[in-house]
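Structure assessment
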Amino acid sequence: MKLAHLFIPHHIEKKRAKLLQPVSLVGYVVFLLSVIIVNSILVFDLPRVLGYATNVKVADLLVDTNILRQQHNLKTLNLNPQLSKAAEAKALDMFANNYWAHTSPSGKEPWDFILASGYDYIYAGENLAVDFSDSKAVVRAWDNSPSHRDNLLSDRYTEIGFAVVNGELDGRKTTLVVQLFGYPRGGDFAALPVPESAVDELVVPEVAENTVGIETLPAGPQQTSPIPQVQTENIIVTNGSVLNASSVMNVSRYMAIILGLFLSLLFVVDGYYVKRLGIFRITGHTFFHILLLVFAILGIWYTNIGLVL
Amino acid sequence: MKIDRKIVPIIQYFVLLFGMSIAAIFFQKTPGNMDRFFIIFVLSLMYVAWGCWHHGHLDRLDRLVVLEYSIVAIIVIMLSALGLGIIRFF
């Protein structure tokens, strides 16, 4: 019977179920604080404990991007080694100068990297991502962000380049994903729809993940197949078994969702028995507690742990 | 114009639901994790204020009720900090 009152309110004491009484709620706060502290220590103070483990692959990013474009009746993009080289240079520059932005602290713009790679363009765009653990999540996050989606689904671009680079940013190991779009000068301009302006346009999104190597497009002749074979030279990628920063944050995310659901369920049971037993007591509003918790749970569920820029 | 005291709690419920709806719209329109966390943070603080207002009107405001609203808000803020990966911004 005592065990039951962990979950069910007592009709004589006229209090909430024991697991919802202030002492228990303070216990949840302490637990959450401990998890946050451990999480911070793992991610920032013990970076050597963490390795790189990513499933973000250039080939998958290309396929998923082109599938998305095909679903919107757009032409698929061809991999361009020069754009991939520019993407790699951008990612390395972000790690070297410790920034997460489209423009470097020294004022370098994305098109500076593109032009330095020898790619002369009429239109260009950039999407960035960080802290993602798989390729589909990266493309999905870009697709869910209007500005990045504009790049993904722009009919102005004919070519694309990617880089997935591991390194340390702001004191934690992570993986950056750089996606560059381009329409080369000298391309079949007539094939494009009438442009709104002749001004070069930059669209910048975000992506990044952890690794100890660089994944870029192969050098050589320009790819013409929508889904080419991608070589992964100079890559050290560990999948699955290594704990990394994004894994830690992903585990934390699921812990938050589970704890939120558990508390919501406790409040539902408590509210149900209060109604059923006709208990009158002075407490907070159970229904709105549940609503606030559900708001947070849904918010967490629909938000990627990774970031896009 | 005097509002019937019995009507006030219903108005308070609508105020809270309206606030949550606005927060949900802002949340959906805001892509950044930090911005989304901030929306939940503000909503949680407003929830505590709403709880005090609501229970005060009903003459049922005591320390335990304020404590309960405060702890629920803190839990929601901490869950969001954990679930949205906010620690990386510190």
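Residues numbered from 1 in each chain as written. Chains lettered and ligands numbered in written order. Predicted model: local features only at pLDDT ≥ 70, side-chain atom pairs only at ≥ 80, totals over all residues. Heavy atoms only, no water.

**Overview of unusual backbone geometry**
Residues and elements named next belong to chain A. Formally: Going along the chain from the N terminus, every DSSP run of H or I of four or more residues is numbered as a helix, and every run of E of two or more is numbered as a strand.
A positive phi angle, near 55°, is found at N73, a position not held by glycine. By the element assignment, N73 lies in the loop between helix 2 (58-71) and strand 1 (78-79). Phi at N98 is positive, roughly 50°, even though this residue is not glycine. Among the secondary structure elements, N98 is positioned in the loop between helix 3 (81-96) and helix 4 (110-116).

**Brief notes about the nonpolar core**
What counts is decided by this rule: Working definition of a nonpolar core: buried Ala, Val, Leu, Ile, Met, Phe, Trp, Tyr and Cys residues. They are joined through side-chain atoms within 4.5 Å. Accessible area is worked out with a 1.4 Å probe on protein chains only. A residue is then buried under 20% of its type maximum, exposed over 50%, and partly exposed in between. Any two residues whose heavy atoms approach within 4.5 Å are treated as being in contact.
Formed by 48 residues in total, the largest nonpolar core has its most connected members in A:Y28, A:L263, B:Y47 and B:I75. Put simply, the parts of the chain that give this core at least two residues each are helix 1 (22-45), helix 7 (245-277) and helix 8 (286-301) of chain A together with helix 1 (7-29), helix 2 (33-57) and helix 3 (63-83) of chain B. No other element matches helix 3 of chain B, which puts eleven residues into this core. Each residue touching B:Y47, except ones within four places of it in the same chain, is listed here: A:H285, A:F288, A:H289, A:L292, B:L16, B:Y69 and B:V72. Of all hydrophobic cores here, the second largest spans 27 residues; its members include A:L79, A:Y123, A:A137 and A:F181.

**Re the domain arrangement of chain A**
All names here are of chain A. The criterion, for reference: Each domain's extent is set by a domain assignment, obtained either automatically or from a database. Once two parts are joined, some of their accessible surface, as seen by a 1.4 Å probe, is lost; buried area is that loss totalled over both. Salt bridges are defined by distance alone: a side-chain nitrogen of Lys or Arg within 4 Å of a carboxyl oxygen of Asp or Glu. N or O atoms closer than or at 3.5 Å make up a polar contact, with two conditions inside protein: a donor-capable atom paired with an acceptor-capable one, and, for residues adjacent in sequence, both atoms drawn from side chains.
When its domains are assigned, chain A resolves into domain 1 (15-46 + 246-270 + 284-301) and domain 2 (58-184). A C-alpha centroid distance of 35 Å is found between domain 1 and domain 2. Each partner contributes residues to the interface: domain 1 has five residues there, and domain 2 has six residues. Of the roughly 400 Å² buried where domain 1 meets domain 2, counting both sides, 53% is carbon and sulfur surface. Where domain 1 meets domain 2, there are zero salt bridges. Where domain 1 touches domain 2, the interface holds zero residue pairs in polar contact (both at pLDDT 80 or more). Elements represented by at least two residues in the side of domain 1 that touches domain 2 include exactly helix 1 and helix 7.

**Considerations on the side chain of A:S135**
In this fold, A:S135 is placed in helix 5 (residues 135-144). Only 2.9 Å separates the side chain of A:S135 from the backbone nitrogen of A:K57, close enough to count as a polar contact.

**Some remarks on the UniProt feature "transmembrane region" (unreviewed entry) in chain A**
Residues and elements named next belong to chain A. The condition that has to hold: UniProt positions are given in the numbering used here, feature names are shortened, and annotations may be inferred rather than shown by experiment.
As recorded in UniProt, the sites labelled "transmembrane region" (unreviewed entry) are residues 20-44, 254-274 and 286-303. Segment residues 254-274 splits into 100% helix and 0% strand. End C-alpha atoms: 30 Å apart. Each end of residues 286-303 is marked by a C-alpha atom, and these two atoms are 26 Å apart; helix forms 89% of the span and strand 0%.

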